[in-house]
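Residue strings, one per chain:
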Amino acid sequence: MTLFSTFNVASQVFCRSALSFGIVNLKPLIPGHVLICPNRVVPRLQDLGADEVTDLFLLVQRVGKGLERAFGAQGLTVSCQDGPVAGQSVPHVHIHLIPRKRTDFPPGESDAIYPLLESSERALRGNLIASSSGQTHGGLLVVPKDEDRMPRSEEEMTREAQWLRTFFTSG
């Protein structure tokens, strides 16, 4: 069993390292938006040992390379809300990894991802308990409000995890 806080996410795992794992997102902001988590369930980054932090960020780096290939991205948004006052809603360290393209948002508005990420994180715990890919308009990504994005089914997330596994090898 693989836990994200108290939630069993074993079917959503697409990549593992010695001390961390990657899971697909229940309500991705952009196609390819995934979470990287340490195996050990701890609420804050400071609660991890040096070996766990190293492993976590090496997996972030490895998954980032794979996501850029898989989604044709030119960059990544890497984000960690570390503690409730920083917007963390699930008390398990997790890094949001979002593949980015120049066409995600209108020119000069790349940072529009951050309010969307904050809103998404606030709703994450409720969405996990209750348990989309983006659409484009005029070539730009349209990200619906969090309340308008429906949680994906277990089957849909499992299929995405299986597909993403093809971009990663063990180790």
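Residue positions are counted from 1 within each chain, in the order its sequence is given. Confidence filtering applies because this is a predicted model: local features only for residues at pLDDT of at least 70, side-chain atom pairs given and counted only at 80 or more, and all residues used for totals across whole chains, interfaces and linings. Only hydrogens and water are set aside when side-chain values are computed; all heavy atoms of the structure are taken into account.

1. Focus: a nonpolar patch on the surface
Point 1. Patch definition: residues above 30% relative accessible area lacking any salt bridge, with like charges linked at up to 9 Å and the nonpolar side chains Val, Leu, Ile, Met, Phe, Trp and Tyr linked at up to 5 Å. Residue exposure ignores everything except the shown protein chains as possible cover, and the areas themselves are Shrake-Rupley values with a 1.4 Å probe. Salt bridge criterion: a side-chain nitrogen from Lys or Arg within 4 Å of a carboxyl oxygen from Asp or Glu. Together, Met1, Leu3 and Val41 make up a nonpolar patch on the protein surface, roughly 310 Å² of accessible area in all.
Point 2. Put simply, DSSP marks the helices as runs of H or I at least four residues long and the strands as runs of E at least two long, and each gets a number from the N terminus on. For Leu3, the location among the structural elements is in strand β1 (residues 3-4).
Point 3. Judged by its relative accessible area of 32%, Leu3 is partly exposed. Accessible area is worked out with a 1.4 Å probe on protein chains only. A residue is then buried under 20% of its type maximum, exposed over 50%, and partly exposed in between.

2. A word on the UniProt feature "binding site: substrate" (unreviewed entry) in the protein
Point 1. Mapped onto this numbering, the UniProt entry gives "binding site: substrate" (unreviewed entry) at Asn25, Gln81, Gly87, Gln88, Ser89, Val90 and His96.
Point 2. For Asn25, the position within the fold is in the loop between β4 (20-24) and β5 (34-38).
Point 3. In this description, contact between two residues means that some pair of their heavy atoms is separated by no more than 4.5 Å. Among all residues touching Asn25, those that are not within four sequence positions of it are His33, Leu35, His96, Arg152 and Met157.
Point 4. Polar contacts, as counted here, are pairs of nitrogen or oxygen atoms within 3.5 Å of one another; within protein the pair requires one atom able to donate a hydrogen and one able to accept it, and residues that are adjacent in sequence qualify only if both atoms are side-chain atoms. A polar side-chain atom of Asn25 sits 3.0 Å from a polar atom in the side chain of His33.
Point 5. By the secondary structure assignment, Val90 is in the loop between β6 (75-79) and β7 (95-100). UniProt positions are given in the numbering used here, feature names are shortened, and annotations may be inferred rather than shown by experiment.

3. Overview of the sheet that holds β6
Point 1. Strand pairing requires that DSSP identify at least two bridges connecting the strands. Read across the sheet, 5 strands follow the order β3-β4-β5-β7-β6 without closing on themselves; strand pairing throughout is antiparallel. Only two strands of the sheet have a single partner each, and these edge strands are β3 (13-16) and β6. For this sheet, the mean angle separating the axes of adjacent strands, direction not counted, is 25 degrees.
Point 2. As paired elements, β6 and β7 share 5 bridges and run antiparallel to each other. Bridged to Gly75 within β7 is Arg100.
Point 3. Fitted lines through C-alpha atoms serve as axes, helices being fitted only where they are in contact, and the angles separating the N-to-C directions of these axes extend from 0 to 180 degrees. Seen against the sheet, helix α1 (residues 50-71) touches β3, β4, β5, β6 and β7 and runs at an angle of roughly 25 degrees to β7.
Point 4. Here helix α3 (residues 154-165) sits on the sheet and contacts β3, β4 and β5; the angle it forms with β3, its principal contact strand, is near 35 degrees.

4. Structural notes on the pairing of β5
Point 1. With 5 of its 5 residues buried, β5 lies for the most part within the structure.
Point 2. The alternating pattern of β5 places Val34, Ile36 and Pro38 and Leu35 and Cys37 on opposite faces, both of which are buried.
Point 3. By the bridge criterion, 5 bridges tie β4 to β5 in an arrangement that is antiparallel. Bridging from a neighbouring strand, Ile23 pairs with Leu35 of β5.
Point 4. Strand direction decides the pairing type here: β5 and β7, joined by 3 bridges, are antiparallel. Paired with Ile36 across the two strands is Ile95, which belongs to β7.

5. Details of the pattern of salt bridges
Point 1. Taken as a whole and assessed by the stated rule, the structure comprises 4 salt bridges.
Point 2. The closest approach of N and O atoms between Glu52 and Arg40, which form a salt bridge, is 2.8 Å. Of this pair, Glu52 sits in helix α1 while Arg40 sits in the loop between β5 and α1, placing them 12 residues apart in sequence.
Point 3. Judged by relative accessible area, Glu52 falls into the buried class, the value being 10%.
Point 4. Put simply, Asp104 and Arg100 hold a salt bridge, and the shortest N to O gap is 2.7 Å.
Point 5. A residue is classified by how much of its surface remains accessible, and Asp104, at 5% relative accessible area, is buried.

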